[in-house]
Amino acid sequence: MAFETIGEKLRQARLNKKISLDELQQITKIQKRYLEAIDNDDFDQLPGKYYVRAFIRQYAEAVGEDGDHLVDVFDGKRKLTDDGAIVDRPEPETVNGSRKALHQEEAHPSKFWTSLPVILLGLVALAIVVVVGYMTWQDRQSDPIIGDTASSLKVEGTVEQTSSSAKESSTAASSTVESVTESTTEEKKMAIAPGEDTGSAISVNITEAKKPVTLEFTAKDRVWIGVQVDNAYVYQATLAANETQSTPLPETATNAVITIGAASNATVKANGEEIPVNAGENNLSPKNVSLALQYAE
């Protein structure tokens, strides 16, 4: 049977599997009114093309259809009948390639760049430890030399002065070493502060962050998550219940937008610290979390 539209194809696949819209809503976590809109090819009722693509994939996966193919049909890249024909488009999409390939391409080189700052910090710390150790050793070696010289002098009134000066010098040097050690080990801690929350979106400020900032997502239930930097996706994935995934942000990023397909179905962390998204209970609506990033010097 040939179908004329995406909605007809998905609806018939759902009926063939004897899945009601209510059941499909529980499977995909997509609101029933959006599922009805997809069945009727009324894509204007959905929040935007970004959600249309995501919902088509989730609907197709639930009823055993090829979601990527149907998204290509929606974008005008392919025909509904899978004859392999490719339709030329006048303008390319902003994100090229599949989500998985894009994520893998960015994840592999980031391992080196992630480890490079740690190596540099380690070398700096080692150099400081060597300098402080050398200064301490010199101070300890100087005490017996001064003591011997002072004890060998026979002139009254000069021995006590020499010993006193040596002790004061040693105390001042020790204080300097302790001050240097404390200043080198003290580090500023990253701070996360939530800002304005409109219900469907929340702004969050992150200061004193170490580069690169790594985002970690843990799904409480099945959920779609996307991350944009400068209006371009750097990460997109659908997580199963109890699944955890992570992705590093570009080191030059000063802002990022995290979109959670169902707000209460996921938790988000930045460099191991939880980001408050104010999801609410049983909130299956999408929510955008806008991050403003300031890095530690």
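Residues numbered from 1 in each chain as written. Predicted model: local features only at pLDDT ≥ 70, side-chain atom pairs only at ≥ 80, totals over all residues. Heavy atoms only, no water.

1. Focus: the packing of aromatic side chains
Summed over the entire model, instances satisfying the criterion amount to six aromatic pairs. On the basis of an interplanar angle of 10 degrees and a centroid distance of 5.1 Å, the ring pair of Tyr50 and Tyr233 is categorised as stacked. Placement of Tyr50 in helix α4 (residues 49–63) and of Tyr233 in strand β5 (residues 232–239) is noted, with a sequence separation of 183 residues between them. Taken individually, Tyr50 and Tyr233 each receive the classification buried, so the pair is uniform in this respect. Taken together, the ring pairs connect Tyr34, Tyr50, Tyr51, Phe55, Trp224 and Tyr233 into an aromatic cluster. The aromatic ring of Tyr295 is capped on one face by Lys211, whose charged end is 4.9 Å from the ring centroid. (Phe/Tyr/Trp six-rings, centres within 6.5 Å; stacked < 30°, edge-to-face > 60°. Helix = DSSP H or I, 4+ residues; strand = E, 2+ residues; numbered from the N terminus. Buried < 20%, exposed > 50% of the residue type's maximum accessible area, 1.4 Å probe, protein only. Lys NZ or Arg CZ within 6 Å of the ring centre and 35° of its normal.)

2. What about the pattern of salt bridges?
Enumeration according to the criterion identifies eight salt bridges in this entry. Across the salt bridge formed by Lys287 and Asp197, the nearest N and O atoms sit 3.2 Å from each other. With Lys287 in strand β10 (residues 287–295) and Asp197 in strand β1 (residues 191–197), this pair connects stretches of sequence that are 90 residues apart. Of the residues examined, Asp197 reaches a relative accessible area of 32% and is grouped as partly exposed. (Salt bridge = Lys/Arg side-chain N within 4 Å of Asp/Glu carboxyl O.)

3. Regarding the side chain of Lys29
You can see Lys29 is positioned in the loop between α2 (21–28) and α3 (32–39). Looking at Lys29, the relative accessible area reads 16%, which means it is buried. Within polar-contact distance, the side chain of Lys29 engages the side chain of Asp221 at 3.1 Å. Residue contacts for Lys29: discarding those within four places in its chain leaves Leu24, Asp221, Arg222, Asn265 and Leu284. (Polar contact = N/O pair within 3.5 Å; in protein donor to acceptor, adjacent residues only side chain to side chain. Contact = heavy atoms within 4.5 Å.)

4. Details of the sheet that holds strand β6 (residues 244–248)
Here we have four strands laid out as an open sheet, ordered β6-β3-β8-β9, and antiparallel in their pairing. In the strand order of this sheet, the two ends are held by β6 and β9 (273–275), each with one partner. The sheet shows a mean angle of 30 degrees between the axes of neighbouring strands, direction not considered. Bridge count for strand β3 (residues 214–219) against strand β8 (residues 266–270) is five bridges, and the pairing is antiparallel. For Phe217, the partnering residue across the bridge sits in β8 and is Val268. (Pairing = 2+ DSSP bridges. Axes fitted to C-alpha atoms, helices over the stretch in contact; angles between N-to-C directions.)

5. Section: empty space enclosed by the protein
If you walk through the whole model with that rule in mind, you get two cavities of 30 Å³ or more. By volume, the largest cavity is sized at about 110 Å³. Lining of the largest cavity is provided by 17 residues; of these, Lys29, Ile30, Phe55, Gly261 and Ala262 occupy positions nearest its centre. Elements represented by at least two residues in the lining of the largest cavity include exactly α4 and β4 (223–229). (1 Å grid on protein atoms, 1.4 Å probe; cavity = no way out; pocket = protein on both sides within 12 Å on 5 of 7 lines; lining within 4 Å. Points joined across faces, edges and corners; volume = space filled by probe spheres on them.)

6. Let's talk about the pairing of β1
Bridge analysis of β1 against strand β2 (residues 201–209) gives five bridges, and the strand direction is antiparallel. Within the sheet, the bridge partner assigned to Ala193 lies in β2 and is Asn205. Adjacent in sequence and paired antiparallel, β1 and β2 are bridged by three residues, among which Gly199 carries a positive phi angle near 100 degrees.

7. Topic: the confidence of the model for the protein
A low pLDDT score tells you not to read the predicted coordinates there in detail. Scored by pLDDT, the protein comes out at a mean of 77, with 70% of its residues at no less than 70. Throughout residues 144–167 the model reports pLDDT below 50, and contacts reaching past four residues in sequence, or to other chains, amount to eight contacts. Ignoring residues within four places in sequence, the model shows residues 179–185, a span with pLDDT below 50, making three contacts including any to other chains. (pLDDT = per-residue confidence, 0-100.)

8. A few points about unusual backbone geometry
Between Lys211 and the following residue, Pro212, the backbone shows a cis peptide bond with an omega angle of -10 degrees. In the Ramachandran plot, Asn282 falls in the positive-phi region, its phi being about 50 degrees despite a non-glycine side chain. Mapping Asn282 onto the fold places it in the loop between β9 and β10. Of the residues examined, Asn282 reaches a relative accessible area of 71% and is grouped as exposed.

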